[in-house]
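Results of the structural survey
Okay, here's what each chain looks like letter by letter:
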Amino acid sequence: MIFRPIVPQELDAVLTCLRSDPSTTISAKLVRARIADGEYRPEWIWIAEDGPGRVPLALAIWWGMPDDACPRSLDALFTTDTLFITKAATALTALDTLGSAVHQPPSDPRAAVAAALLTAAHQVFAADGLAVPPEYHLLLPPSWRGQPEAAAAVEWRSEAAKVAGLRLATERLRFEWNAERPVPTLSDRLVFAPEPDDEVFVDLFRRALPGSLDAATTREALLLGPAKQARNDVAFYHHDMLGERSWWRIARTPTGQVVGFGIPSRNSTTSVVGYLGVVPEFRGRGFVAEILAEVTRVLVAEAEEPVIRADTDLTNHPMIAAFELLGYRETARRLVLSAN
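A quick note: this is a predicted structure, and the numbers were derived from the prediction, not measured.

On to the overall build of the protein chain. Summing up its helical and strand segments, the protein chain has ten helices and twelve strands in all. The C-alpha radius of gyration of the protein chain comes to 21 Å, within 12% of the 20 Å expected for a compact globule of 340 residues. Counting the 340 residues in the protein chain, one finds 51% classified as buried. When contacts within the protein chain are restricted to residue pairs at least 6 apart in sequence, long-range pairs at least 24 apart make up 73% of them.

What follows is the structure in structure tokens.
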């Protein structure tokens, strides 16, 4: 079995492996658009094949920013309908050859082949300088556990990801606000103002970290330290995201005490609630909803787009309540599988 990235002239043939699936919204049209934008690349689209010229047994598509040397996340993982149980033994042999420590072999042949494909790609990404394998993001229906097709799609993919080293799972809710909803109104409890100094936001990210309910931020801070994590967050929203720096806001009481901050932003497709935080001494007073209202108001006024999207962890109950209060509606679940 061969695991490799595609070459550009193979793209059309490889994209025939794509099909409607509850684990992703990826389509051939979207793949081509993101290749044109530099977010997908042939070297980040990998296949497993049983021999040259044959229909791929599995397909994996990774995503990254146009300037990235290595991908940031896995967007889609497919196997073909022609995959039979006999391929599982070959895939397990490949995993052993690749040095993957498989304590419990995958029970599903799709998982075995997919795990070998991911492991091979991860080794190449590591050789290119990537310290941790890219996360795998599955975009699912909100009630995916109650939908047999969606649950089955998650099961074998999760098994494959785990064998390939992505052992941690974080579930996030995706919310959307659209122009049919009223623009949230602001109370007089907070005063919002822009702040051009990035160092001020670095300090606020650091101050908001203790007790944060954002799992990814907390894990990164444990690995890097709070100061470096805060600096990385500011750099990401300033340089990687597409929102205007002038949209960022600091929230203060009328007497000037800093309560928190909000970062309205944009990705390559739509406006997003980038990040918001409340410092610990002001939590539990409903300020998170007021900061979210300001972020929404800024995006409506400045970005002038009909849809605003936002993700938050399933366990972040205050943030979920704020979204619901302001008229955001849950539209999907994002299951993030990661190495740490």
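Within the largest apolar cluster, 46 residues are counted, with the highest numbers of intra-cluster contacts made by Phe205, Phe261, Val273, Leu292, Phe323 and Tyr328. When neighbours within four sequence positions are excluded, Phe323 is seen to be in contact with Phe175, Val273, Leu292, Ala310, Thr312 and Tyr328. Counting residues in each nonpolar core, the second largest holds 34 residues, with Trp44, Ala116, Ala121 and Tyr136 among its members.

Turning to the pattern of salt bridges, a few remarks are in order. Tallied over the full model, the rule gives 25 salt bridges. The partner of Asp198 in a salt bridge is Arg245, with the nearest N and O atoms 2.8 Å apart. In this pair, Asp198 sits in helix H6 (residues 198-208) while Arg245 sits in the loop between helix H8 (226-240) and strand E8 (249-252), placing the two residues 47 residues apart along the sequence. Residue Arg266 is joined to Glu305 by a salt bridge in which the shortest nitrogen-to-oxygen separation is 2.6 Å. In this pair, Arg266 sits in strand E9 (residues 258-266) while Glu305 sits in the loop between helix H9 (287-303) and strand E11 (307-313), placing the two residues 39 residues apart along the sequence. Assessed through its relative accessible area of 23%, Arg266 is described here as partly exposed. Among the charged side chains, a salt-bridge network with shared partners connects Arg145, Glu171, Glu330 and Arg333.

Here twelve strands make up an open sheet; going across it, the order is E1-E2-E3-E4-E5-E12-E6-E11-E10-E9-E8-E7 and the pairing mixed. Two strands close off the open sheet at either side, each with one partner strand: strand E1 (2-5) and strand E7 (191-193). Taking the axes of each pair of neighbouring strands and ignoring which way they run, one obtains an average angle of 25 degrees across the sheet. The pairing of strand E6 (residues 168-178) with strand E12 (residues 329-338) spans nine bridges and is classified as antiparallel. Of the residues in E12, the one forming a bridge with Leu173 is Arg333. Across the face of the sheet, helix H7 (residues 215-224) comes into contact with E6, strand E10 (271-278), E11 and E12 while running at roughly 135 degrees to E6.

Rules of the game
- Residues numbered from 1 in each chain as written.
- Predicted model: local features only at pLDDT ≥ 70, side-chain atom pairs only at ≥ 80, totals over all residues.
- Heavy atoms only, no water.
- Helix = DSSP H or I, 4+ residues; strand = E, 2+ residues; numbered from the N terminus.
- Rg over C-alpha atoms; globule rule 2.2 N^0.38 Å.
- Buried < 20%, exposed > 50% of the residue type's maximum accessible area, 1.4 Å probe, protein only.
- Contact = heavy atoms within 4.5 Å.
- Core = buried A, V, L, I, M, F, W, Y, C linked by side-chain atoms within 4.5 Å.
- Salt bridge = Lys/Arg side-chain N within 4 Å of Asp/Glu carboxyl O.
- Pairing = 2+ DSSP bridges.
- Axes fitted to C-alpha atoms, helices over the stretch in contact; angles between N-to-C directions.

Taken by themselves, the reported measurements are silent on function.
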